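Below are the chains, spelled out letter by letter.
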Number of protein chains: 2
Amino acid sequence: MARLVPRSGDAVFANVERVNAELFTLTYGAIVRQLITDLEEVEEVNKQLDQMGYNIGIRLIDEFLAKSNVSRCVDFKETADVIAKVGFKMFLGVTASVTNWDADGTSCSLILEENPLVDFVELPDMYQGLHYCNILSGVIRGALEMVSMKTEVTWVRDMLRGDDAYELQVKLLKQVPEEYPYKDDE
Amino acid sequence: MARLVPRSGDAVFANVERVNAELFTLTYGAIVRQLITDLEEVEEVNKQLDQMGYNIGIRLIDEFLAKSNVSRCVDFKETADVIAKVGFKMFLGVTASVTNWDADGTSCSLILEENPLVDFVELPDMYQGLHYCNILSGVIRGALEMVSMKTEVTWVRDMLRGDDAYELQVKLLKQVPEEYPYKDDE
């Protein structure tokens, strides 16, 4: 079979089923509010959002691989580029830039210019410790784990906390060798 | 100013910001799971989903009026048509049909052929009392309340419970007269 050409983020996004972004934003806001009411502790809310994201990420990766025609990345650098240019575009309709690589190419930052999760959101002072978008870090961590990469994903900058951008640090902890049969061959 | 022509659901949907439907579906699933864990009682989960939907609906109505160019409906019949053909399309990318009108035109059913909320969902027997999509009834109730209609919105049929369609009954309880200045004139 001829190798499929990976699609651009725009092409993929145009070809997937979509819903209204504002509905998504408000629905996500409802989750965060619910968790704050239930769990009370901001740290617990951060943890739960990350866990929810992880559960979503381990399922979204299939849709991503099926629709994007992306095949195995040669290294973590390429992985980060694919997340930024295809992944964010395909799911949220925005793109990220990749920067702040460390010397051995195992840690970088994804910078979001736009972030549909935070429209109309302002954090009251009492919730300054909240990582409002923590579902995103969980999604990335979960999705990468399904393609054999153990990562740590943390917020470095957050505009809701007064920073000038949304910056997620993605650190590769361990590359787990895939066992035969490889996913690509299925 | 010339009167704006209302847009079709397709035209509106093409012009709004959108996100990936599967991301929305999985995110909504995460809410439902969270509520089941927190509240335990299925009836309580139904109530909370409806309340979340209501809170979303009272805000989505502004986006709807701004983007759809729909002006005041002459009667509840027209309102139901607009929800089915423009509202569902604009937010979920699907359309509904309107049926089962009562004699005095104050109660009808919205039938959904497609329902992006329920992809990959199966209800275990112990949750048969769950109205999984109850956020939708809340959204409709909240949105209509903002345009002076008190309604009761209930599920009549639910495919997750083995029915052959998704059917929402919308009953107009009270039309609250708007006070001057009217919303249309703002």
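Predicted, not measured: the structure shown is a model, and the values here were computed from it.

Asks: Hey, could you run me through the overall build of chain A in this one?
Replies: A count of helices and strands for chain A gives five helices and five strands. Its helices and strands in sequence order give chain A the pattern α-β-α-α-α-β-β-α-β-β, from N to C terminus. For 186 residues, the compact-globule formula gives about 16 Å, and the C-alpha radius of gyration of chain A, at 17 Å, lands near that figure. Taken over 186 residues, chain A has a buried fraction of 52%. Partitioning the contacts of chain A with sequence separation of at least 6, the portion at a separation of at least 24 is 60%. Surface accessibility of chain A: about 9400 Å² in total, with carbon and sulfur atoms responsible for 50%.

Asks: Hey, could you run me through helix α2 (residues 21-39) of chain B in this one?
Replies: Structurally, the α-helix is built with 3.6 residues per turn, so residues lying three or four positions apart point the same way. All names here are of chain B. Along its 19 residues, α2 runs 27 Å from first to last C-alpha, staying within 8% of the 27 Å computed at 1.5 Å per residue. The buried count for α2 comes to 15 of 19 residues, which makes it a mostly enclosed element. Near the N-terminus of α2, the side chain that reaches the backbone nitrogen of E22, with its oxygen 2.8 Å away, is that of N20. Where α2 ends, the next residue or the one after it, E40, has phi of about 65°, a positive value.

Asks: In this structure, what is going on with the confidence of the model for chain A? I would like to understand it.
Replies: Predicted coordinates in regions of low pLDDT should not be interpreted in detail. Residues and elements named next belong to chain A. When pLDDT is averaged along chain A, the result is 90; 93% of the residues meet or exceed 70. Within chain A, the lowest mean pLDDT, 84, falls on helix α1 (residues 9-15), and the highest, 98, falls on strand β3 (residues 107-112). Here the predicted complex carries an ipTM of 0.86, next to a pTM of 0.88.

Asks: I would appreciate a short explanation of the interface of chain A and chain B in the present structure.
Replies: Interface extent is often summarised as the accessible area lost during association of the parts. With 28 residues of chain A in contact, the opposing surface of chain B contributes 28 residues. Here chain A and chain B share an interface that buries about 3100 Å² over both sides, 65% of which is from carbon and sulfur atoms. Counting the contacts that link chain A with chain B gives zero salt bridges. At the boundary of chain A with chain B, the tally comes to eleven residue pairs in polar contact (both at pLDDT 80 or more). Top contributing element to the side of chain A that touches chain B by residue count: helix α2 (residues 21-39) of chain A, with eleven residues. When grouped by side-chain class, the residues that make up the side of chain A that touches chain B number 18 nonpolar, four polar and six charged. Sheet analysis places strand β1 (residues 18-20) of chain A next to strand β1 (residues 18-20) of chain B, joined by three bridges and oriented antiparallel. Within β1(B), the residue paired with A:N20 across the bridge is B:R18.

Analysis parameters
Along each chain, residue indices are assigned from 1 in the same order as the chain's sequence is written. To read the labels, note that chains go from A and ligands from 1, taken in the order they are written. It should be noted that, the model being predicted, local features are given only for residues of pLDDT at least 70 and side-chain atom pairs only at 80 or more, the latter also being counted only at that level, while totals for whole chains, interfaces and linings use all residues. With hydrogens and water stripped out, all remaining heavy atoms of the structure feed into the side-chain values. Think of it this way: any DSSP run of H or I at least four residues long counts as a helix, any run of E at least two long counts as a strand, and we number them from the N terminus. Atoms counted for the radius of gyration: C-alpha only. Globule rule: 2.2 Å times the number of residues to the power 0.38. Relative accessibility thresholds used throughout: buried, under 20% of the residue-type maximum; exposed, over 50%; partly exposed, between the two (1.4 Å probe, protein chains only). We call two residues contacting when some pair of their heavy atoms lies within 4.5 Å. Exposure was quantified through the Shrake-Rupley algorithm and a 1.4 Å probe, taking into account, for residues, occlusion by the shown protein chains and nothing else. Here the expected span of a helix is defined as 1.5 Å times the quantity of residues minus one. As used in this structure description, the phrase polar contact means that two N or O atoms lie within 3.5 Å; if the pair is within protein, one of them must be able to donate a hydrogen and the other to accept it, and residues adjacent in sequence are counted only when both atoms belong to side chains. Per-residue confidence from the predictor is reported as pLDDT, which spans 0 to 100. Put simply, buried area is how much 1.4 Å-probe accessible surface two parts lose in total, over both of them, once they are put together. Any carboxyl oxygen of Asp or Glu that lies within 4 Å of a side-chain nitrogen of Lys or Arg is treated as forming a salt bridge with it. By the convention adopted, Pro, Cys, Tyr, Trp, Phe, Met, Ile, Leu, Val and Ala count as nonpolar, Lys, Arg, Asp and Glu as charged, and the other residues, Gly among them, as polar. A pair of strands is treated as paired once DSSP finds two or more bridges between them.

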